[in-house]
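Remarks on the overall topology
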Amino acid sequence: MRAFKTIAQILFWAVLALMLAGRLAAADATVPTADIEGAADNHLAKRYEGSFIVSYEKLAFTDFSVPLSPLKLSADPDARDAMNNRVFAPDKKAEVEGALTRIAYVLPAERSPLEVLRNYQDVIEAAGGEILFECKKEECGGAADRSSSGGGGDMSLTMYSFHESDLKDAAFSNGACALTSGINDQRYFSAKAPQDGGDAYVTVQTYTMTDDLYCKELNGRTVAVVQVLEPKARDKKMVVVEAAKMADSLSATGSISLYGIFFDTDKADIKPESEPTLKEISTLLANDPDMAVIVVGHTDNQGAFDYNLDLSSRRAQAVKAALVSKFGIDGARLTAAGAGMMAPVASNDDDAGRAKNRRVVLVKLN
C-alpha cells in the first residue's frame, strides 16, 4: 500500500509539473505577427517597416522628463530609486507636460539598433524637428545592459522614464519581454518637433534583446521604445475647495487634503495656477483669527525615502511662505512639515493613485 501511495504521489506531481510547464509555455513570448489590440502609431514617429507594436500606453496628461545629457550618478551616494537602484539622472533635461504616448516595437530580424535609430531621426528631421541629444551604449550613463527591470544595482536609461512596476503588460508577454529583458547595443536620442500649441518632445531608444528563457523567441531582436509628449492643456476638473468647506472638514475630521496646489516635478516652486486654493486658505484663516494649522506636504513613492521626505518638507515650507508673503498670514499660525511617502491615500502602483498621494494637507492645531 505504501508503494502504491508513493507511485500515486509521483504521478500526481509529474502531472502537476507538466500542467505548470504547459501554462508557462503558453505564456512565453512569440515572434509577433500583428499589433496588440488597441495600439496605433503616433503620427510624429511612425514605425519602421515590418515592425509590430507589443506594448502600448497613452496618458491624456502627465509630466515627462526628457534627458538632454548622459545620466550621471547622484551626488548623494545613498540615494536609491523605488527598486533600490543607485539613482542616475542627467545634468540637462527638459521637464514637460502634456499627452504622453509610449510604444514598444519589435523589429524584423537582422535590423540593428543603429539602423532603426537613424530611420527615426530621418522622420523627425523631415518633419522640421531637431535632435537635442544622442548617445550609445555605456555613453548614455547608468546600467547599459538593463531595461526597466531589476533592483539593487544601477538605474538604467529606461528606468529614468519608467520601471517594470509601471507596465500593464502581462508577465512573459511580448510587451513585458521587450521592456524588461536584458539589453545590448543600446542607442538613444531625444528630439523636439514644432506642433500647434508648442513643441512636442520625442525620445527613441533602440537595443538588442538578450534572453534565453521565457523570452527566448525574441532573443537577438531589436526593440524600439518610442515616447512622444505632445503639448496639451491640462483638463481643469478639480473644483477649488472653498474656505467654508475647508472649515467644515477641519471641524469634523481635523484635516483636509488639497489638490489645488501645483509644483513642477521634483521641485518646490509653486505654480501660478495654485493661486485660487492659496486664496481660499488665506480666507479660511482670516475668518477664524485664532486658528493655527500644520501645512503637510505629501509625495508618491517615486524616488528614495529621504529624498521625498525632504521634497515634501520644502513644498510645505513654500506654501507657508506664499501665505505669509502674498496673503499677509501670520507665520506663527502656520507650521510646515513633510510626510514624504509615509501616508498614502491610494495605491502607488499606477498614475491615478500616485496623483492622489501628491497633495497638501491642512491639519488643525487649535
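Now for a description of the structure that goes with this document. Since we're looking at a predicted model, the values are computed, not measured. (Residues numbered from 1 in each chain as written. Predicted model: local features only at pLDDT ≥ 70, side-chain atom pairs only at ≥ 80, totals over all residues. Heavy atoms only, no water.)

1. Re unusual backbone geometry
Residues other than glycine seldom take positive phi values, yet Asn84 does so here, at roughly 65°. Locating Asn84 in the fold gives a position in the loop between β2 (71-73) and β3 (88-90). Taking relative accessible area as the criterion, Asn84 reaches 44% and is therefore assigned partly exposed. Despite not being glycine, Glu110 has its phi angle at roughly 70°, a positive value. Positionally, Glu110 belongs in the loop between β4 (93-106) and α2 (113-126). Accessibility expressed as a relative area gives 76% for Glu110, which makes it exposed. (Helix = DSSP H or I, 4+ residues; strand = E, 2+ residues; numbered from the N terminus. Buried < 20%, exposed > 50% of the residue type's maximum accessible area, 1.4 Å probe, protein only.)

2. Quick notes on the sheet that holds strand β1 (residues 52-67)
Ordered in space as β1-β4-β8-β7-β6-β5, the six strands form an open sheet in which the pairing is antiparallel. Each edge of the sheet is formed by a strand with only one pairing partner; in this case those strands are β1 and β5 (130-136). Shown here is a sheet whose adjacent strand axes are inclined to one another by a mean of 15°, direction ignored. The sheet contacts of α2 involve β4, β5, β6 (182-195), β7 (198-210) and β8 (222-230), and relative to β6 the element is tilted by about 0°. (Pairing = 2+ DSSP bridges. Axes fitted to C-alpha atoms, helices over the stretch in contact; angles between N-to-C directions. Contact = heavy atoms within 4.5 Å.)

3. A word on the state of the cysteines
Applying the stated criterion across every chain, the model contains two disulfides. Note that Cys135 is cross-linked by a disulfide to Cys140, the S-S spacing being 2.1 Å. Here Cys135 and Cys140 share a disulfide; its torsion about the S-S bond, 105°, makes the bridge right-handed. Both residues of the pair, Cys135 and Cys140, count as buried. Here Cys177 engages in a disulfide with Cys215; their sulfurs sit 2.0 Å apart. With the S-S bond torsion at -75°, the cross-link from Cys177 to Cys215 turns out left-handed. On the criterion of sequence distance, the pair formed by Cys177 in helix α4 (residues 174-180) and Cys215 in the loop between β7 and β8 is long-range, its members being 38 residues apart. (Disulfide = S-S within 2.5 Å.)

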